[in-house]
Protein chains: 2
Amino acid sequence: MSKPLANAAQGKQDGQGGQDRQPKDPAVVLGLGVDRSSPVPLYFQLAQQLEAAIERGALTPGSLLGNEIDLAGRLGLSRPTVRQAIQSLVDKGLLVRRRGVGTQVVHSQVKRPLELSSLYDDLEAAGQRPETRVLRNTLGPASAEVAAALGVAEGQEVHHVERLRLAHGEPMAFLTNHIPAGLLDLDTARLEATGLYRLMRAAGLTLHSARQSVGARATAADEAERLAEPEGAPLLTMRRTTFDDTGRAVEFGAHVYRASRYSFEFQLLVRP
Amino acid sequence: MSKPLANAAQGKQDGQGGQDRQPKDPAVVLGLGVDRSSPVPLYFQLAQQLEAAIERGALTPGSLLGNEIDLAGRLGLSRPTVRQAIQSLVDKGLLVRRRGVGTQVVHSQVKRPLELSSLYDDLEAAGQRPETRVLRNTLGPASAEVAAALGVAEGQEVHHVERLRLAHGEPMAFLTNHIPAGLLDLDTARLEATGLYRLMRAAGLTLHSARQSVGARATAADEAERLAEPEGAPLLTMRRTTFDDTGRAVEFGAHVYRASRYSFEFQLLVRP
DNA sequence: GAGGTTCTGTTGTCCGGACAAATGATTGAC
DNA sequence: GTCAATCATTTGTCCGGACAACAGAACCTC
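These figures come from a predicted structure and were not determined experimentally. (Residues numbered from 1 in each chain as written. Chains lettered and ligands numbered in written order. Predicted model: local features only at pLDDT ≥ 70, side-chain atom pairs only at ≥ 80, totals over all residues. Heavy atoms only, no water.)

**Digging into the pairing of strand E2 (residues 102-105) of chain B**
Residues and elements named next belong to chain B. Direction of pairing for strand E1 (residues 95-98) relative to E2: antiparallel, over a ladder of four bridges. Residue pairing in the sheet places Leu95 in a bridge with Val105 of E2. Where E1 folds back onto E2 in an antiparallel hairpin, the turn is made up of three residues, including Gly100, whose phi is positive at roughly 85°. (Pairing = 2+ DSSP bridges. Helix = DSSP H or I, 4+ residues; strand = E, 2+ residues; numbered from the N terminus.)

**So, the pattern of salt bridges**
Once the charged atoms of two side chains with opposite charge are near each other, the side chains can pair. Residues and elements named next belong to chain A. What the rule picks out here adds up to 26 salt bridges over all chains. Among the salt bridges present, the one from Asp185 reaches Arg190, with a minimum N-O distance of 2.9 Å. Asp185 sits in the exposed class, given a relative accessible area of 55%. Here Arg217 and Glu223 are joined by a salt bridge, their closest N and O atoms 2.6 Å apart. One salt-bridge network, in which partners are shared between bridges, spans Glu68, Arg79, Arg83 and Arg97. (Salt bridge = Lys/Arg side-chain N within 4 Å of Asp/Glu carboxyl O. Buried < 20%, exposed > 50% of the residue type's maximum accessible area, 1.4 Å probe, protein only.)

**A few points about the nonpolar core**
Grouped together as the largest cluster of nonpolar side chains are 30 residues, with contacts concentrated most on Val214 and Phe264 of chain A together with Val214 and Phe264 of chain B. Those elements that place two or more of their residues in this core are strand E5 (170-180), strand E6 (207-218), strand E7 (234-244) and strand E9 (264-269) of chain A together with strand E5 (170-180), strand E6 (207-218), strand E7 (234-244) and strand E9 (264-269) of chain B. Among residues more than four places away in sequence, those in contact with Phe264 of chain A are Val214, Leu236, Met238 and Tyr257 of chain A together with Gln212, Ser213 and Val214 of chain B. Among the nonpolar cores identified, the runner-up in size contains 21 residues, and Leu46, Ala53, Val82 and Leu94 of chain A belong to it. (Core = buried A, V, L, I, M, F, W, Y, C linked by side-chain atoms within 4.5 Å. Contact = heavy atoms within 4.5 Å.)

**Some remarks on the protein's contact with DNA strand D**
Not every one of the 26 residues close to DNA strand D is listed here, only the nearest: Arg97 of chain A together with Arg36, Leu42, Thr81 and Arg99 of chain B. Among the atoms of DNA strand D lying within 4 Å of the protein, the sugar-phosphate backbone contributes 72%. With respect to DNA strand D, the backbone of Glu68 of chain A contributes an N or O atom lying 3.0 Å from a phosphate oxygen. When residues of the surface near DNA strand D are traced back to their parent elements, those giving at least two are helix H4 (79-92), strand E1 (95-98) and strand E2 (102-105) of chain A together with helix H2 (42-55) and helix H4 (79-92) of chain B. Considering each element in turn, the surface near DNA strand D owes the most residues, three residues, to H4 of chain B. Of the residues contributing to the surface near DNA strand D, the split by class is seven nonpolar, ten polar and nine charged. (Near = heavy atom within 4 Å. Polar contact = N/O pair within 3.5 Å; in protein donor to acceptor, adjacent residues only side chain to side chain. Nonpolar A, V, L, I, M, F, W, Y, C, P; charged D, E, K, R; others polar.)

This is how it looks when you write it as structure tokens:
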């Protein structure tokens, strides 16, 4: 009892019939339909398909999605299930719901939610061939500062890693990291082959959030050569503590980037 | 049929009786209880109370929350409602659910999710008395760069605001903003009294997300005096486009901060 | 004692229904 | 013609129930 989905921006009132005519089901047109034998939850299947439809432009920004009851009926799902799918896309910022109006595709220029940034992945995605030079990889007692940042006792065993990150053979950043012992197998060869975050994820850690502090300062004399910047040149600094899904701190890093070569890009979400 | 809530870390099996003894309802102990006459949704009331209990330490990190069915029964709510409350706290990173185990309070040092940062609010929260000096407040055609950032046509009318933000009478940052015309009533007096984000929210705009880019550079000759920094001193730069809940760009800002006085603090969430 | 099996408790998913609240259009009165 | 009241539509909230999937403990077998 409504004309949903697709380009329903203009309210063309074509008699709202079609009960005897070919239904021309918009859900079918969009390729929506769930597989009940799949172990993937139904709401998740639907969410993925809707997201794909938005991504490929089958659902244009501003278009209405049709009411939930009908959509559920057409797909053979219950309304709560459809709502759960829609809600997950609303959380992602792809859809907006308005009571009394409907659910519409967001008119956004921002595509990706942008995750916890990893310098290695960033560089690789940008087509630069990242390279890592491990300058230090030791295990020892945590200093007061590191212990406070990681929330462990002072003197606890922690890994201490120092790396120089290069792109196209030129230094980009100097990375200092501290990781509690026992979480990770920190092999120097592996550290030179990939990024730290990838190693942590591979070790079964599910990263959840990170507290960051970004600032700037001038290049000191003792780091000028290492970073190939003149003394006094501006540097971008970042201190970050990363937590896994249980709230445990799994990494503390204090990094220095060449401001002439790098800047942070990220997206902040407002959670009201 | 279980011993939930409070410090249930140790599995003391005290006969699981208590059906005839005083129940000593943990929900009551925690001050949980909803008001059905309130217009505030029940799940939201419960979420707030749980969050408050965590905040004040009544629910200690690592402690189990007790199963959802019992909790629902004790509060006179249905399980879906309780689940919705819990889920909102899981999204906030305060709780973790594990199937077969239960829901427990996260062992986190991070308290606040940290929202879209507003320099004005940041300074005010830090006890510094922020002050704003409006240097420019005009309406004119958008340049190519501004139009691209805001996603509007070049030449479209936009506000152009330049402000100097001070704390304790000392300059902290130079803020340049562009806002599409018609969204907001940009009164210079009001701009000097509060922050831009507060004005936008007061105008009924619901901010949703922002795309940011943070870098660093040296102080140029023409801005040295304005910021009270010597020429060549490192500055922190930020470019940000803010979007409302419909995905529309509502603000574009290019800001410069004194690195000696300010650094960004924020939290990134991983959305898997 | 070691190992696998069963059992119990918990969250995850899904259903069907009901009413309230907000929005926008339609209708009606003046 | 203008304004207010009404109505239909749609999402928001809430209920009660059912079964599946998973983790951990208890149990039993060898």
